[in-house]
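Descriptive analysis of the structure
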Amino acid sequence: MNKMIKDFLRGLWDEHPTFRIMIGMCPTLAVTTSAINGMGMAIATTFVLICSSLLISMLKKVIPGGVRIPAYIIVIATFVTTVDYLMQAYTPDLHEALGVFIPLIVVNCIILGRAEAYASKMPVIWSAFDALGMGLGFTWGLTLIGSIRELLGSGTIFGFSVAPDGFTPFAILTSPPGAFITLGVLLALMNIISDKIAQRTRANQQKTAS
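Every value quoted in this text rests on a predicted model; they were computed, and no experiment measured them.

Some thoughts on the overall build of the protein chain
- Broken down by element type, the protein chain carries eight helices and two strands.
- Principal-axis analysis of the C-alpha atoms places the extent of the protein chain at approximately 65 × 60 × 25 Å.
- By the burial criterion, 42% of the 210 residues in the protein chain qualify as buried.
- Here the analysis covers contacts within the protein chain between residues at least 6 apart in sequence; of these, 74% occur between residues at least 24 apart.
- Taken together, the 14 basic and 11 acidic charged side chains of the protein chain have centroids lying 16 Å from each other.

If you want it as structure tokens, here you go:
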């Protein structure tokens, strides 16, 4: 149980796919012009990640090693097609906004990477916890980036106006360079927070040892 919890939590911070491992950058930079776009993309990716990790973990003993990557891609593509049709049917506006980036989930390094590094080697329930942690980490990361860009670039959050009268939006944040600026600032803040946590942990360990 402790290992499953650790596998879940590491995707939320220590091995955060966006701010730590730095994978899945294409959708991170391209679709986070608004909070709803970032969240929608991340939830779709999380759905594919969890479902594909579960199935690959179940089939790991019957998938020949020589064709494991093509087999993983077929599994992932199946769930991507499913989520693509579901979004097209139930959230057509979001589907249109995300466009080609929904089919591109097939080649998202987060999903294929977890399939190869974890799901293909670990039990089903452990793979589920790992996938859920990585997916939720990706979700809060993209939602945060999208929220900041939307708030400062348009004065809205999830489409609702929250800016005070006289607010001048930073239009650059809704453009492609704004994605790099926002990501860079958040990376710096996360590194600062991680350093503070590490320093506090070392200080507590020294006190305990003494």
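There's plenty left to go through after this.
Points about the confidence of the model for the protein chain
- Summarising the model, the protein chain shows a mean pLDDT of 92, and 99% of its residues fall at 70 or more.
- Confidence, read as mean pLDDT per element, is least for helix H1 (residues 2-10) in the protein chain (81) and greatest for helix H3 (residues 35-59) (96).

Here's the deal with the side chain of Asn-108
- Looking at the secondary structure, you find Asn-108 in the loop between helix H5 (92-98) and helix H6 (109-119).
- Judged by its relative accessible area of 5%, Asn-108 falls in the buried class.
- Beyond its immediate chain neighbours, meaning those up to four positions away, Asn-108 contacts Gly-24, Pro-27, Thr-45 and Phe-138.

Some details on the packing of helix H4 (residues 68-90) against H6
- It is at 11 Å that the axes of H4 and H6 come closest, and there the two elements cross at 130°. By the angle between their axes, H4 is oblique relative to H6. Taken as a pair, H4 and H6 cross one another with a handedness that is right-handed. Counted together, Arg-68, Ile-69, Tyr-72, Ile-73 and Ile-76 of H4 and Ile-111, Leu-112, Ala-115 and Glu-116 of H6 form the full contact between these two elements.

Focus: the pattern of salt bridges
- In the structure shown here, the tally under the stated rule is three salt bridges.
- Put simply, Arg-68 and Glu-116 hold a salt bridge, and the shortest N to O gap is 3.1 Å. Taken as a pair, Arg-68 in helix H4 and Glu-116 in helix H6 lie far apart in primary sequence, 48 residues in all.
- Asp-130 is the salt-bridge partner of Arg-114, the closest N and O atoms lying 2.8 Å from each other. With a gap of 16 residues between them, Arg-114 in helix H6 and Asp-130 in helix H7 (residues 124-154) connect regions that are remote in the sequence.
- Taken together, the salt bridges that share partners define one network made up of Arg-10, Arg-114 and Asp-130.

Describing H4
- With 23 residues, H4 extends 33 Å between its outermost C-alpha atoms, agreeing within 8% with the 33 Å of an ideal straight helix rising 1.5 Å per residue.
- Within H4, burial applies to Ala-71, Tyr-72, Val-75, Ile-76, Phe-79, Val-80, Val-83, Asp-84 and Met-87.
- Turning to H4, the residues buried within the fold contact H3, H5 and H6.

What to know about the side chain of Ser-147
- Relative to the elements of secondary structure, Ser-147 occurs in helix H7.
- If we skip the residues at most four places from it in the chain, Ser-147 touches Ala-35, Ile-157 and Phe-158.

Looking at the packing of aromatic side chains
- This model, assessed by the stated rule, comprises one aromatic pair.
- For the pair Phe-19 and Trp-140, a centre-to-centre distance of 5.6 Å together with 40° between the ring planes defines the contact as tilted. Taken together, the residues span a long stretch of sequence, with Phe-19 in the loop between H1 and helix H2 (25-30) and Trp-140 in helix H7 at a distance of 121 residues.
- A relative accessible area of 30% places Trp-140 in the partly exposed class.

Cut-off values and rules
- Sequence positions are assigned chain by chain, starting from 1 and proceeding in written order.
- Totals for whole chains, interfaces and linings use all residues, but because this is a predicted model, local features are given only for residues with pLDDT of at least 70 and pairs of side-chain atoms are given and counted only at 80 or more.
- Side-chain metrics in this entry use all non-hydrogen atoms of the structure; hydrogen atoms and water are not considered.
- Here a helix means four or more residues in a row that DSSP labels H or I, a strand means two or more in a row labelled E, and each is numbered from the N terminus.
- We call a residue buried when its accessible area falls under 20% of the maximum for its residue type, exposed when it is over 50%, and partly exposed in between, using a 1.4 Å probe and counting protein chains only.
- We call two residues in contact whenever any of their non-hydrogen atoms come within 4.5 Å of each other.
- Under the convention used here, Asp and Glu are negative, Lys and Arg are positive, and both His and the chain ends fall outside the count.
- Where a charge lies is defined by one atom per residue type: Lys uses NZ, Arg uses CZ, Asp uses CG and Glu uses CD.
- Within a predicted model, pLDDT stands for the predictor's per-residue confidence, ranging from 0 to 100.
- Angles run from 0 to 180 degrees between N-to-C directions of axes, and those axes are lines fitted to C-alpha atoms, restricted for helices to the stretch in contact.
- Any angle from 65 to 115 degrees is called roughly perpendicular, while one under 35 is roughly parallel, one over 145 is roughly antiparallel, and all others are oblique.
- Left-handed describes a crossing in which the near helix is turned anticlockwise from the far one by less than a right angle; the clockwise case is right-handed.
- One side-chain nitrogen of Lys or Arg within 4 Å of one carboxyl oxygen of Asp or Glu is enough to make a salt bridge.
- Multiplying 1.5 Å by the residue count of a helix minus one yields the expected span of that helix.
- For this analysis, a ring pair means two rings from Phe, Tyr or Trp (six-membered ring only for Trp) whose centres lie within 6.5 Å, classed as stacked if their planes differ by under 30 degrees, edge-to-face if by over 60, and tilted for the remaining angles.

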